[in-house]
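# What the coordinates show
Each chain, letter by letter, is given below.
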Amino acid sequence: WYLIYPYIQYRDGDKLIFHLNYCSEYPLLEKIKEDFPWCRAIYTIHYQKWCFTLKGNTSWFKHIIRKRKEDLAGEEEKKAFEIYEAEKKMYALADQVICLSEYTRQLLITEYHIPPLKIARICNGLDDEAVILTEADQVELKKQLGFAGTDKIILYAGRLEDNKGVDVLIRAFNRVVAGYPATT
């Protein structure tokens, strides 16, 4: 903050807006609000850290946050609860919270008790500009990509992380291949 502060220039009537992206920036946001209590702070949730600890198990997460601190069992529960408390403080201090899905928005409302008007949902996405190929064009494209024209192609697009469940997806792909062998 002490490195950034000298570079902040504004005139009366200017709106000072800070945009933060990580929960670990809470101490920075505290200093910002201390020096500029009238500013606006926007926080974008790209992920919730408890998901890494609990492998995205929302049911377990909800179970943990309803416990008293002294009733938490094991390091995972303690870590998830600590993360929840830190995230809750960040969401409370920010003036606006941006999330990327309706699922997260509902979690913010029900579990973090963030007022709905404080939450903006901006989904990741692209415009659907798909070109529908004829069956003959599909076969030709598969051949250009090194596949047989009759091959079925299954695609995963995402980060390769434990909490994304890619290992489960790969096992499922193997079961699909075993249950539906290629036909000629």
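Report on the accompanying structure. (Residues numbered from 1 in each chain as written. Predicted model: local features only at pLDDT ≥ 70, side-chain atom pairs only at ≥ 80, totals over all residues. Heavy atoms only, no water.)

### Digging into the packing of aromatic side chains
Quick reminder of the rule: Classification of ring pairs uses Phe, Tyr and Trp, with its six-membered ring standing for Trp, and accepts pairs whose centres are within 6.5 Å; under 30 degrees between planes counts as stacked, over 60 as edge-to-face, and the remaining range as tilted. Secondary structure elements are taken from DSSP: a helix is a run of H or I of four residues or more, a strand is a run of E of two residues or more, and numbering for both begins at the N terminus. Burial status follows relative accessibility: with a 1.4 Å probe on protein chains alone, a residue under 20% of its type maximum counts as buried, one over 50% as exposed, and anything between as partly exposed.
Applying the stated criterion across every chain, the model contains 16 aromatic pairs. Ring centres 5.6 Å apart and planes at 85 degrees place the aromatic pair tyrosine 10 and phenylalanine 36 in the edge-to-face group. Of this pair, tyrosine 10 sits in the segment before β1 (17–20) while phenylalanine 36 sits in the loop between α1 (26–35) and β2 (40–44), and the two are 26 residues apart along the sequence. Assessed through its relative accessible area of 37%, tyrosine 10 is described here as partly exposed. By the ring-pair criterion, three or more aromatic residues cluster together here, those being Tyr43, Trp50, Phe61, Phe81, Tyr84, Tyr91 and Tyr112.

### Focus: the sheet that holds strand β4 (residues 119–121)
Rules: For two strands to be treated as a pair, DSSP must find at least two bridges joining them. The axes used here are C-alpha line fits, helices contributing only the stretch in contact, and every angle between their N-to-C directions lies in the interval 0 to 180 degrees.
Judged by pairing direction, the sheet is parallel, and its 4 strands sit side by side in the order β1-β2-β3-β4 without closing on themselves. The open sheet terminates on both sides in strands that have one partner only, identified here as β1 and β4. Mean inter-strand twist for the sheet, computed between neighbouring axes without regard to direction, equals 20 degrees. Here strand β3 (residues 96–99) runs beside β4; their pairing, made up of 3 bridges, is parallel. By the bridge assignment, valine 97 is partnered in β4 with isoleucine 119.

### Points about unusual backbone geometry
Look at lysine 55: it is not a glycine, yet its phi comes out positive at around 55 degrees. Within the secondary structure, lysine 55 is located in the loop between α2 (50–54) and α3 (58–65).

### Overview of a nonpolar patch on the surface
Stated formally: The patches described consist of residues with a relative accessible area above 30% and no salt bridge, like charges being joined within 9 Å and nonpolar side chains (Val, Leu, Ile, Met, Phe, Trp, Tyr) within 5 Å. Working definition of accessibility: Shrake-Rupley area with a 1.4 Å probe, residue cover restricted to the visible protein chains. Any carboxyl oxygen of Asp or Glu that lies within 4 Å of a side-chain nitrogen of Lys or Arg is treated as forming a salt bridge with it.
A grouping of Val131, Leu133, Leu141, Leu145, Phe147 and Ile153 is seen on the molecular surface, where their side chains present a nonpolar patch of about 540 Å² in accessible area. Within the element layout of this structure, leucine 145 appears in the loop between α6 (135–144) and α7 (166–179). Assessed through its relative accessible area of 57%, leucine 145 is described here as exposed.

### Thoughts on the pairing of β2
What counts here: Seen with its strands pointing away from the viewer, a crossover is right-handed when the path leading from the first strand over the helix to the second is clockwise.
Pairing analysis gives 4 bridges linking β1 to β2, with the strands arranged parallel. Each bridged residue has a counterpart across the sheet, and for histidine 19 the counterpart in β2 is isoleucine 42. For the segment spanning β1, α1 and β2, crossover handedness is right-handed. Direction of pairing for β2 relative to β3: parallel, over a ladder of 3 bridges. Its bridge partner being in β3, threonine 44 is matched across the sheet by isoleucine 98.

### So, helix α5 (residues 102–110)
Here is the rule we go by: The arc in question is traced by the directions running from the helix axis to the C-beta atoms. By the convention used here, residues are in contact when the closest approach between their heavy atoms is within 4.5 Å.
Along α5, the residues that are buried comprise Thr104, Leu107 and Leu108. One side of α5 carries all its buried residues, which in axial view fall inside an arc of 100 degrees. Against the buried residues of α5 lie α2, α3, α4 (74–93), β3 and β4.

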